[in-house]
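Analysis of the macromolecular model
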Amino acid sequence: AMAGFVGYLVPEVYKWPGYLSPTNDLKFEDVPNGLNALPVVPGLGWFQMIMVVGWLEAGPFAATRSEFAGDFGWPYFGKQIQSADEKKSKLNMELQNGRAAMFGVLGLMMQDAVNGEVTIFPGTDIA
């Protein structure tokens, strides 16, 4: 959800240069933002995205190395958290941030579905 929220905002200000699909003569800048991109992206592109997510779920994110859910043993800003209470608190914060991002991305999707566009900063050229 956090990546989805950021992914919804970034195309409003930046598009990758080059082609999304050279065989279909489809450039990244030709793909509309938000929900309107769903029918434009070729089926093979969706297949690639689903396969990458599946590989991540089955590979590096398959099992935790800790008794704490969501703890994959990766350092937190370069430092391993040793205290069980601190680790529990940080993982709870991350869970709460994920829930907030879910509401954020759902709000953007609903605004896009109802209005046909997403307006983050009304009265400006930014989104």
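Please refer to the structure placed before this passage.
Every chain's residues receive numbers from 1 upward, in the order its sequence appears when written. Only residues with pLDDT of 70 or above have their local features reported here, since the model is predicted, and side-chain atom pairs are shown and tallied only from 80 upward, although totals for entire chains, interfaces and linings are computed over all residues. Only hydrogens and water are removed before side-chain values are computed, so all heavy atoms of the structure are retained for them.

**What about the overall build of the chain?**
Definition in use: Elements are defined by DSSP. Helices are runs of H or I of four residues or more, strands are runs of E of two residues or more, and each kind is numbered from the N terminus. Contact definition: two residues touch when any of their heavy atoms are within 4.5 Å. In this description, accessible areas are obtained by the Shrake-Rupley approach with a 1.4 Å probe, and a residue is regarded as covered only by the protein chains that are shown.
The helix and strand inventory of the chain stands at three helices and two strands. The order of α-helices and β-strands along the chain, N terminus first, is α-β-β-α-α. Within the chain, contacts between residues separated by at least 24 positions form 31% of all contacts whose residues are at least 6 apart in sequence. If you sum the accessible surface of the chain, you get close to 9,500 Å²; carbon and sulfur atoms cover 64% of it.

**Describing the layout of surface pockets**
To keep it simple, the criterion reads: Definitions used for this entry: grid spacing 1 Å over protein atoms alone; cavity, a set of points where a 1.4 Å probe fits but cannot get out; pocket, an open set with protein on both sides within 12 Å along at least 5 of 7 lines; lining residue, one with an atom within 4 Å of a point. Grid points are joined across faces, edges and corners, and a volume is the space filled by probe spheres set on the points. In the scheme used here, Gly and all other residues not listed as nonpolar or charged are polar, with Ala, Val, Leu, Ile, Met, Phe, Trp, Tyr, Cys and Pro taken as nonpolar and Asp, Glu, Lys and Arg as charged.
Looking at the largest pocket, its volume works out to about 1,100 Å³. Contributions of two or more residues to the lining of the largest pocket are made by α1 (2–13), β1 (19–21), α2 (43–58) and α3 (84–115). Residue composition of the lining of the largest pocket, grouped by class: 21 nonpolar, seven polar and one charged.

**Notes on the packing of α1 against α3**
The following threshold applies: Each axis is a line fitted through C-alpha atoms, and for a helix only the stretch in contact is used; angles between axes span 0 to 180 degrees, taken between their N-to-C directions. Note that the term roughly parallel is reserved for angles under 35 degrees, roughly antiparallel for angles over 145, roughly perpendicular for angles of 65 to 115, and oblique for everything else. If you view the pair so one helix is near and one far, a crossing is left-handed when the near helix is turned anticlockwise from the far one by less than a right angle, and right-handed when it is turned clockwise.
The N-to-C vectors of α1 and α3 enclose an angle of 40°; their axes lie 7 Å apart at closest approach. In terms of orientation, α1 lies oblique with respect to α3. You can see that α1 and α3 cross each other, and the crossing is left-handed. Only Glu94, Asn97, Gly98, Ala101, Gly104, Val105, Leu108, Met109 and Asp112 of α3 make contact with α1, whose side of the interface consists of Met2, Gly4, Phe5, Tyr8 and Leu9. Its residues placed into classes, the contact of α1 with α3 shows eight nonpolar, four polar and two charged.

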